[in-house]
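Spelled out from the first residue to the last, the chains are:
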Amino acid sequence: MSSTHSSRFPWNHLIGFILSIALTLLAVFVKFYTSFSDSIVVWIIGTLAIFQALIQLFMFMHVTEGKEGWINVVNMIYSVFLALVIVFGSIWVLTSGHAAMH
Amino acid sequence: MSLDEFFVTGDPLILGSQIAIGLTMVGLVALITYLKRWKWLWREWFTTVDHKKIGIMYILAGVLMFFRGGVDGLLMKAQTSRPELGFLDAQHYDEIFTTHGVIMILFMAMPLLIGIMNVVVPLQIGARDVAFPKLNALSFWLFFVGAMLFNISFVIGGSPDAGWTSYFPLAGKEFTPGVGNNYYAIALQIAGIGTLATGINFVVTIIKMRAPGMSWMKMPIFTWTSFVTSILIVAAFPIFTVALAFMSLDRLFGTHFFTVAAGGDPMLWLNLFWLWGHPEVYIVVLPAFGMFSEVIATFSRKNLFGYKSMVYAVAGIAFLSMLVWVHHFYTMGNSAAVNSIFSLTTIMIAIPTGVKIFNWLFTMRKGRIEFSNAMLWSLAFIPCFTIGGVTGVMLAMAAADYQYHNTMFLVAHFHYVLIPGVVFAVFAGLYYWWPKMFGFKLNEKIGKWHFWLFVIGFNMTFMPMFFVGLDGMSRRMYTYSESTGWAPWLGFSAVGSVVMAAGFAALCYNIYWSFRYASRDVGSDPWNGRTLEWATASPAPHYNFAVVPEVDRIDDFWYKKKEGKTGIKKSDLKPVHMPSNSWTPIFLGVAFGIVGFFLVFEWFTLAVISSILIVIGLVANSFDYDDGYHIPVDELEEEEREWRGELK
Ligand code: HEM
Ligand SMILES: [Cu+2]
């Protein structure tokens, strides 16, 4: 949370950098060197993308930094939660019950 | 399209309104021209970016819409006051309950609450304006234009007539081919964009612009509820935007999102509508809770009982309110699992709500209660709203709701939550903050007439609806036969609505009387308030605070008064940076209105051509390099001296 790491070695940045390169290479590897079906490849790459985004947000964009950085985190978690509720809630509501019978 | 298709014809009531509207417009224009007030209107109001003036315009528009929605209500009550009356036919009755519902929720409750938020929130947090003043003005003009577009429907083209919920398939082109329901889709879309921008504006304002020292748990409770409401707006309104866009596409361009014909699903509309609609009812009720909290604490001369639990309760209500939408259509035939889960989440909302009720009661306990008008409204709110809440829990039980759904019982329920929860709150808020807006109080004696007539009339009007509802009267019935036995109930209810209207008339008279005769000598802090809005002059100066206040604790101003530390030092005065007026918000508003009007009538060429106006407005806005202006120190000093006396 503190923004005074200028004097210390930027471990965060180094780890973040290595991880983001590794994730990118992994995505390339999955596409070119495995024989998974296309849809599985898309799922894997999508999952990797989420991790990639998290690394960028925390290690480079410092979402948690600053006096009120936690607001960004709460905001993102709540947004994701709402998106899930809206999408999967709607699907559940509209496909169960009488709608499921035909 | 011929002219008599364009104007609605054939009904003496509507002809009368057309003539009245025409005459009023001509009269207004003539009056303003005669008084040479155009320049003044343009400079002081139409182009203003001052949050207080924008708030006052919202309030004015809200009161006007209350009148329109109220007349709709009275017409419906007149029609059902006796069995088999022919005052309104079925079609006309449908149009009236539709416009009544939409206007009351979106164009009465929303602007009145957002108006009070606009006036009060920046003052309560010690800010000089909202975060984006020009966007704020744009929000107002989009709302206003949307409201006006919706309002002209009944004289030009025809009213929407599918209910404020506009359920498909009825709201689809196949069953309602006229332009009426286009008005619904387009006008609400325009107003909705404005509301969404307001939500964003207040989230940023409250996060970023609080006075130094005002940490989250030192924020006044009304600011808290406004903050949570703004978050709900940002979360819920986009859903409505999407739903309305689908509706527009279905109606205007023949897509099938909500019609079964090409694989669409009408239930998708209900689902999206209530995903927005239920949070929407909390968007209107949460700021109201905040107002009652402020008023009750002030007039009990005590700090708010359980402030922290209040904050958590508000957050809890907001969180749950996104998880309950299906309780509006249990009867669509969901699986037992769906109905049970949504029953549970709905009933859970009653818990934080109950916490709030007890907090209000404990705030008053052993307080030195002063029965001012604002306080009276808060006192009446508690029992009336509790009736609404308890019947809500009854409705929330899915199995039981198969009996209550779409009966007058439901109608009574939501009026018992919305009228005490929103209208009483707005009245309390108006009496309370009126001096801050205008520098004088509303008359307390006329206010008592307003209070008693309205509260008694309200209960007379809506209490009988519970009973006819349980007796099987479904909602939206335009007439009924003698043999039902409902005539005495409904007759009584109709009388009640007239009493309530008399209460509203008393309010209007009170406003008129107080503008003319009320004492202008009320000081800056007429109620012995606790929060920062009372730390500056009444009416608040355009820069709000000459010196930005510092805050050490909750109700800081209250303690500073006791310590005699409310003054400011001459040496602390610095030039104040203020935003300049702008013509782009009103221009964009009007442009949206014109494009919207053409879309309603499906005159697409004209719509495309006139949307150039919107582009012009946006471009002009982007090239606006005006950075505002500074108020020099001596001007500040002079204004402050007027009410504080000589500065040290
Ligand atoms: C204790 C809290 C509450 C509960 C448990 C509750 C429950 C319900 C339920 C289950 C319904 C649907 C009934 C049906 O269609 O058969 C309903 C309708 C409604 N409620 Fe509430 N409610 C509560 C508070 C509120 C509040 C605070 C408001 C607004 C400020 C509100 C406004 C409405 C409206 C407008 C409708 C009717 C919508 C329509 O179909 O036109 N309710 N309520
Ligand atoms: Cu609801």
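Because the structure is a prediction, the values reported are computed rather than measured.

When helices and strands are counted, chain A shows three helices and zero strands. Mapped from its N terminus to its C terminus, chain A presents α and β elements in the order α-α-α. Relative to its full complement of 102 residues, chain A shows a buried share of 23%. Sequence-distant contacts in chain A: of pairs separated by 6 or more residues, those separated by 24 or more amount to 56%.

This paragraph deals with the overall build of chain B. Counting its regular elements, chain B contains 20 helices and two strands. In terms of overall size, chain B behaves like a compact globule, its C-alpha atoms giving a radius of gyration of 25 Å where 648 residues would be expected to give roughly 26 Å. Across the 648 residues of chain B, 58% fall into the buried class. Of all intrachain contacts in chain B linking residues separated by at least 6 positions in sequence, the fraction that spans at least 24 positions is 82%. Accessible surface, chain B: about 25,800 Å² in total, of which carbon and sulfur atoms supply 69%. For chain B, the separation between the mean place of its 43 positive charges and that of its 43 negative charges on side chains is 11 Å.

Scanning the model with the defined rule gives 79 aromatic pairs over all chains in all. Relative to W11(A), the ring of F9(A) has its centre 4.9 Å away and its plane inclined at 65°; by these criteria the two rings are edge-to-face. A relative accessible area of 55% means that W11(A) is categorised as exposed. In this structure, R37(B) packs its charged tip against the face of W40(B), placed 4.5 Å from the ring centre.

This part takes up the packing of helix α12 (residues 373-396) of chain B against helix α14 (residues 408-438) of chain B. Residues and elements named next belong to chain B. Remark: α12 packs on α14, axes separated minimally by 8 Å, with the N-to-C direction vectors making an angle of 160°. Between α12 and α14, the angle falls in the class roughly antiparallel. Seen along the crossing, α12 lies across α14 with a hand that is left-handed. Across the contact of α12 with α14, the residue classes tally to 19 nonpolar, eight polar and no charged.

Looking now at the packing of helix α3 (residues 69-95) of chain A against helix α9 (residues 266-300) of chain B. Interaxial distance between α3(A) and α9(B) falls to 11 Å at its minimum, and their mutual angle equals 140°. On the basis of the axis angle, α3(A) is oblique to α9(B). Both α3(A) and α9(B) take part in a crossing whose hand is right-handed. Contacts from I86(A), S90(A), V93(A) and L94(A) in α3(A) reach M267(B), L268(B), N271(B) and L275(B) in α9(B). Residue composition of the contact of α3(A) with α9(B), by class: six nonpolar, two polar and no charged.

Here we take up the UniProt feature "transmembrane region" (unreviewed entry) in chain A. Residue and element names in this part refer to chain A. The sites that carry the UniProt feature "transmembrane region" (unreviewed entry) are, in the present numbering, residues 12-34, 40-61 and 73-94. From the first C-alpha to the last, residues 12-34 spans 31 Å; its make-up is 96% helix and 0% strand. Taken end to end, residues 40-61 is 95% helix and 0% strand, and its two terminal C-alpha atoms sit 30 Å from one another.

Below, the discussion takes up the coordination of the iron atom of ligand 1. Ideal coordination angles are 109.5 degrees for a metal with four donors arranged tetrahedrally and 90 or 180 degrees for a metal with six donors arranged octahedrally. Residue and element names in this part refer to chain B. Just one protein atom coordinates the iron atom of ligand 1, and that atom is H413 (NE2), at 2.3 Å. Separating the iron atom of ligand 1 from the copper ion (ligand 2) is a gap of 4.7 Å. Counting through the fold element by element, H413 comes out in helix α14.

Moving on, we get to the site of ligand 1. Residues and elements named next belong to chain B. Surveying the vicinity of ligand 1 reveals 23 residues, the closest of which are W164, D401, H405, H413 and R475. Between ligand 1 and W164, the relevant distance is 2.9 Å, taken from an oxygen atom to a side-chain nitrogen or oxygen of the residue. With respect to ligand 1, the side chain of R475 contributes an N or O atom lying 2.8 Å from an oxygen atom. At the level of secondary structure, the elements contributing two or more residues to the shell around ligand 1 comprise α9, α12 and α14. A per-element tally of the shell around ligand 1 places α12 first, with six residues. In the shell around ligand 1, the residues fall into 13 nonpolar, eight polar and two charged.

All names here are of chain B. By the element assignment, R475 lies in the loop between α15 (444-470) and α16 (487-517). Put simply, R475 is tucked away with no salt bridge, and the nearest opposite charge, on D401, sits 9.6 Å away. When neighbours within four sequence positions are excluded, R475 is seen to be in contact with W164, N406, T407, M408, L410, V411 and F414.

It is common to give the size of an interface as the accessible area lost on bringing the parts into contact. Residue and element names in this part refer to chain B. Annotation of chain B at the domain level lists domain 1 (1-36) and domain 2 (37-582 + 626-643). Summarising the inter-unit geometry, the C-alpha centres of domain 1 and domain 2 are found 29 Å apart. Taken together, the contacts link 15 residues of domain 1 with 12 residues of domain 2. Together, the buried faces of domain 1 and domain 2 total about 1,200 Å²; carbon and sulfur atoms form 73% of this surface. For the interface between domain 1 and domain 2, the tally reads zero salt bridges. Our count for the contact surface shared by domain 1 and domain 2 stands at four residue pairs in polar contact (both at pLDDT 80 or more). Counting only elements with at least two residues in the side of domain 1 that touches domain 2, the list comes to α1 (3-6) and α2 (12-34). The element contributing the most residues to the side of domain 1 that touches domain 2 is α2, with eight residues. Across the side of domain 1 that touches domain 2, the residue classes tally to nine nonpolar, three polar and three charged.

So, how was this worked out
- Residues numbered from 1 in each chain as written.
- Chains lettered and ligands numbered in written order.
- Predicted model: local features only at pLDDT ≥ 70, side-chain atom pairs only at ≥ 80, totals over all residues.
- Heavy atoms only, no water.
- Helix = DSSP H or I, 4+ residues; strand = E, 2+ residues; numbered from the N terminus.
- Buried < 20%, exposed > 50% of the residue type's maximum accessible area, 1.4 Å probe, protein only.
- Contact = heavy atoms within 4.5 Å.
- Rg over C-alpha atoms; globule rule 2.2 N^0.38 Å.
- Areas by Shrake-Rupley, 256 points an atom, 1.4 Å probe, with all protein chains shown as cover.
- Lys, Arg positive; Asp, Glu negative; His and termini not counted.
- Charge placed at Lys NZ, Arg CZ, Asp CG, Glu CD.
- Phe/Tyr/Trp six-rings, centres within 6.5 Å; stacked < 30°, edge-to-face > 60°.
- Lys NZ or Arg CZ within 6 Å of the ring centre and 35° of its normal.
- Axes fitted to C-alpha atoms, helices over the stretch in contact; angles between N-to-C directions.
- Parallel < 35°, antiparallel > 145°, perpendicular 65-115°, else oblique.
- Left-handed = near helix turned anticlockwise from the far one by under 90°.
- Nonpolar A, V, L, I, M, F, W, Y, C, P; charged D, E, K, R; others polar.
- UniProt positions renumbered as here; feature names shortened; annotations may be inferred.
- Donors = N, O, S within 2.8 Å, 3.2 Å for Na, K, Ca; no water.
- Near = heavy atom within 4 Å.
- Polar contact = N/O pair within 3.5 Å; in protein donor to acceptor, adjacent residues only side chain to side chain.
- Salt bridge = Lys/Arg side-chain N within 4 Å of Asp/Glu carboxyl O.
- Domains from an automatic or database assignment.
- Buried area = accessible area lost by both parts, 1.4 Å probe.

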